[in-house]
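Below are the chains, spelled out letter by letter.
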Amino acid sequence: MFDIGFWELVLISVVGLVVLGPERLPHAIRSVSRFVGAARSMANSVKDELAHELKVQELQENLRKAEQMGMENLSPELKASVEQLQQAAQSVNRPYAAPEVASAPKEPVTEKAPDSVTEATPTKTADNKAE
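Not measured: the values here are computed from a predicted model. (Residues numbered from 1 in each chain as written. Predicted model: local features only at pLDDT ≥ 70, side-chain atom pairs only at ≥ 80, totals over all residues. Heavy atoms only, no water.)

*Asks:* Give a description of the overall build of the chain that names residues and reports values.
*Replies:* Of the regular secondary structure elements, the chain holds 3 helices and 0 strands. Moving toward the C terminus, one meets the helices and strands of the chain in the order α-α-α. Here the chain holds 131 residues, and the buried ones make up 8% of them. Summing over all exposed atoms, the chain offers an accessible surface of approximately 12600 Å²; the carbon and sulfur share of this is 59%. (Helix = DSSP H or I, 4+ residues; strand = E, 2+ residues; numbered from the N terminus. Buried < 20%, exposed > 50% of the residue type's maximum accessible area, 1.4 Å probe, protein only. Areas by Shrake-Rupley, 256 points an atom, 1.4 Å probe, with all protein chains shown as cover.)

*Asks:* Outline the confidence of the model for the chain, listing residues and values.
*Replies:* This prediction gives the chain a mean pLDDT of 75; 65% of its residues lie at or above 70. The least confident element of the chain, judged by mean pLDDT, is helix α3 (residues 126-130) at 52; the most confident is helix α1 (residues 6-68) at 90. (pLDDT = per-residue confidence, 0-100.)

*Asks:* Go over the UniProt feature "transmembrane region" (unreviewed entry) in the chain, please, and point to the residues and values.
*Replies:* Mapped onto this numbering, the UniProt entry annotates "transmembrane region" (unreviewed entry) at residues 6-25. Helix makes up 100% of residues 6-25 and strand 0%, with an end-to-end C-alpha separation of 19 Å. (UniProt positions renumbered as here; feature names shortened; annotations may be inferred.)

*Asks:* So what's going on with α1? Which residues, and what values?
*Replies:* Taking 1.5 Å of rise per residue, 63 residues should cover 93 Å, yet α1 covers just 58 Å from first to last C-alpha, more than 12% shy of that figure. At Gly-21, α1 is deflected by roughly 115°, the largest bend along its length, and proline Pro-22 occurs up to four residues later in sequence. (Expected span 1.5 Å × (residues − 1). Bend = angle between axes of the 7 residues up to and from the residue.)

*Asks:* Can you lay out a nonpolar patch on the surface for me, pointing to particular residues and giving the numbers?
*Replies:* A cluster of nonpolar side chains, namely Leu-11, Val-14, Val-15, Val-18 and Val-19, defines an oily patch on the protein surface of about 490 Å² accessible area. Position of Val-18 among the secondary structure elements: in helix α1. The exposure class assigned to Val-18 is exposed, which follows from its relative accessible area of 68%. (Patch = residues over 30% accessible without salt bridge, like charges linked within 9 Å, V, L, I, M, F, W, Y side chains within 5 Å. Salt bridge = Lys/Arg side-chain N within 4 Å of Asp/Glu carboxyl O.)

*Asks:* For the packing of aromatic side chains, give the residues involved together with the corresponding values.
*Replies:* Summed over all chains, the structure comprises 1 aromatic pair. Taken together, a centroid distance of 5.2 Å and an interplanar angle of 75° make the contact between Phe-6 and Trp-7 edge-to-face. With respect to class, Phe-6 is no different from Trp-7; both count as exposed. (Phe/Tyr/Trp six-rings, centres within 6.5 Å; stacked < 30°, edge-to-face > 60°.)

*Asks:* Outline the environment of Arg-64, supporting the account with residue identities and numerical values.
*Replies:* With respect to the secondary-structure elements, Arg-64 resides in helix α1. With a relative accessible area of 49%, Arg-64 lands in the partly exposed category. With 14 residues separating them along the chain, Arg-64 and Leu-78 place their C-alpha atoms 9.8 Å apart.

Here it is as structure tokens:
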């Protein structure tokens, strides 16, 4: 990335120590390392996203070529791309497909109302209020 050698790093650390002092230098190093780490992770995520988009674009181009050729006499590369697209389509549809039931049909379950025992609650009367 940057062509910084050992002696350049030593010079930067000595200048940082003189300018910032021993109290603020560790905090400054942590801040710079967090910034560099965040920049690297952002660059990696952008790189991964671009690679994914390029792969999708390549698959779409191969599919267009396959459609134009009438899905016959395809090159092995195009056949592999078409198979990969079909597998991707199946994997997308699979989570939404209804689960297959191989067991015998179940009897409909009818719920009975539970037998409820009502307890008599005493009501307040004029006699109870006086107490």
